[in-house]
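# Summary of the model geometry
One-letter residues, chain by chain:
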Amino acid sequence: MKKFLKMTALCGLAVLMSGCFKYRVHLDVAKDGSITGYNETLLKDSVLSIGGTDSDEAVQSMIDEQKKQYPDSQFTVLQEGEGEDLFKGYRMTNIPTKGYNVKVEKNTVTVTVELTDSQDELSDLISESGQKATVDQLKEQGVEATLSITMPQKIESANLGTVEGRTVTVDLLSDFTENELVVVSKASNLSGILLYTGIGILVLVGVWFLIKGRSKKA
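Treat the numbers as computed from the prediction; the structure is a model and nothing was measured. (Residues numbered from 1 in each chain as written. Predicted model: local features only at pLDDT ≥ 70, side-chain atom pairs only at ≥ 80, totals over all residues. Heavy atoms only, no water.)

### Regarding unusual backbone geometry
Quick note on the threshold: Secondary structure follows DSSP: runs of H or I at least 4 residues long count as helices, runs of E at least 2 residues long count as strands, and numbering of each begins at the N terminus. A 1.4 Å probe rolled over the protein chains alone gives each residue an accessible area, and that area as a share of the maximum for its type sets the label: buried under 20%, exposed over 50%, partly exposed in between.
Positive phi is not limited to glycine here, since Asn 94 has a value of about 55°. Its location among the elements puts Asn 94 in the loop between β4 (87-93) and β5 (100-105). Here Asn 94 falls in the partly exposed class, since its relative accessible area comes to 43%. Notably, Lys 106 is not glycine yet its phi reads approximately 50°, a positive angle. Its place among the elements puts Lys 106 in the loop between β5 and β6 (108-114). For Lys 106, a relative accessible area of 86% puts it in the exposed group.

Structure representation (structure tokens):
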């Protein structure tokens, strides 16, 4: 998350309120507890081109700097929107996942993500920028910072965020009452379903033989 906070500084004091950046982290958790994922960093084209800089060259410079720190990661150029709402940036895959705790027990997978440091650093950055804006005002202007996690099975519980199917999404700009995100996914009890299905089939077969035997006697 520290990379995201440093990236916001590129917006500058004069444009922090203009909804100049979007940052998204997405993680895919496998049944064995392994994690793969990516993050996306986008800035407004008008911000990237401040001072006559070519926005595409600015994005490439951002990528080159990240490659120095994360040589094993892969980068793809991104572009969203159009006109005044044109954003340019990149997607970084094969991201470091050391900050996430995954616990696997039988058919249950639990992921824990510490959020305190990210929130504190974001608050400090906004304060140090000299802006009087609140987080709500930044969000109204289009500033975006999210973390989404897709679990290997149906999500049974998540103490933060919005759950849709196997994915939970947390707005990192929101005020949390919890210091960490805890997501629990649990596999359906297929053995029970198969047992009842098997019993049902046996009953149908028994009824069929009973009917067939009566028809022969008739």
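So that's the structure; there's more coming.
### Quick look at the nonpolar core
To keep things clear, this is the line we draw: Put simply, buried Ala, Val, Leu, Ile, Met, Phe, Trp, Tyr and Cys residues joined by side-chain atoms within 4.5 Å make one nonpolar core. Throughout, a residue-residue contact means that at least one pair of heavy atoms, one from each residue, lies within 4.5 Å.
Grouped together as the largest cluster of nonpolar side chains are 37 residues, with contacts concentrated most on Leu 27, Val 113, Leu 147, Ile 149, Met 151 and Leu 181. For this core, the element with the most residues is strand β1 (residues 21-29), which contributes five residues. The contacts of Met 151, once residues within four sequence positions are left out, are Val 29, Val 109, Val 111, Arg 166, Val 183 and Ser 185.

### Considerations on the environment of Thr 76
Counting through the fold element by element, Thr 76 comes out in strand β3 (residues 74-80). Under the relative-accessibility criterion, Thr 76 is labelled partly exposed at 44%. Through-space distance from the C-alpha of Thr 76 to that of Gly 89 is 8.6 Å; in sequence the pair is 13 residues apart.

### Observations concerning the pattern of salt bridges
To keep it simple, the criterion reads: Take a side-chain nitrogen of Lys or Arg and a carboxyl oxygen of Asp or Glu: if they are within 4 Å of each other, that pair is a salt bridge.
Throughout the structure, instances matching the rule amount to nine salt bridges. The salt bridge partner of Arg 24 is Glu 80, with a shortest N-O separation of 2.7 Å. With Arg 24 in strand β1 and Glu 80 in strand β3, this pair connects stretches of sequence that are 56 residues apart. For Arg 24, a relative accessible area of 17% puts it in the buried group.

### Notes on the side chain of Glu 40
Inclusion rule: Under this definition, polar contacts are N or O atom pairs within 3.5 Å; protein pairs additionally need one hydrogen-donor-capable and one acceptor-capable atom, and for neighbouring residues in sequence, both atoms have to be side-chain atoms.
Note that Glu 40 resides in strand β2 (residues 35-44). Exposure remark for Glu 40: the relative accessible area of 8% places this residue in the buried category. Side-chain polar atoms of Glu 40 contact the side chain of Arg 91, separated by 2.5 Å. The residues contacting Glu 40, other than those within four sequence positions of it, are Lys 22, Tyr 23, Arg 24, Leu 78, Tyr 90 and Arg 91.

### Some points on the packing of aromatic side chains
Rules: For this analysis, a ring pair means two rings from Phe, Tyr or Trp (six-membered ring only for Trp) whose centres lie within 6.5 Å, classed as stacked if their planes differ by under 30 degrees, edge-to-face if by over 60, and tilted for the remaining angles. In this analysis the charged atom, NZ for Lys or CZ for Arg, is taken to sit over a ring once it is within 6 Å of the ring centre and within 35 degrees of the ring normal.
This structure, assessed with the given rule, holds one aromatic pair. Across the ring face of Phe 87, the terminal group of Lys 22 is positioned such that the distance to the ring centre comes to 4.8 Å. If you follow Arg 91 out to its NZ or CZ, it ends over the ring of Tyr 38, 3.9 Å from the centre.

### Concerning the sheet that holds strand β10 (residues 167-171)
Put simply, the test is: By definition, two strands form a pair when at least two bridges between them are found by DSSP. Note on geometry: axes are lines fitted to C-alpha atoms, helical ones only across the stretch in contact, with angles between N-to-C directions running from 0 to 180 degrees.
With mixed pairing, seven strands are arranged side by side in an open sheet as β3-β4-β2-β1-β7-β10-β9. The sheet is open, and its two edges are formed by β3 and β9 (162-164), each paired on a single side. Within the sheet, the average angular offset between the axes of one strand and its neighbour, ignoring direction, is 20°. Direction of pairing for β3 relative to β4: antiparallel, over a ladder of seven bridges.

### Points about the sheet that holds strand β11 (residues 180-186)
Whether parallel or antiparallel, the strands of a sheet pair through hydrogen bonds between backbone atoms. A sheet is described by the order of its strands in space; here four strands give the open sequence β5-β6-β11-β8, paired in antiparallel fashion. Because the sheet does not close on itself, it has two edges, and the strands there are β5 and β8 (155-158). Taking each pair of neighbouring strands and ignoring which way they run, the sheet shows an average axis angle of 15°.

### Things to note about the side chain of Ser 55
Within the secondary structure, Ser 55 is located in helix α3 (residues 55-69). When its relative accessible area of 7% is taken as the criterion, Ser 55 is described as buried.

### With respect to the pairing of strand β7 (residues 144-150)
Judged by how many residues are buried, β7 sits mostly within the fold: six of seven residues are covered. Of the strand pairs in this sheet, β1 and β7 are connected by seven bridges, and their pairing is parallel. In the strand pairing of β7, His 26 is matched with Ser 148. For β7 and β10, the ladder comprises five bridges, and the chain directions are antiparallel. Counted as the bridge partner of Thr 150 is Thr 167 from β10.

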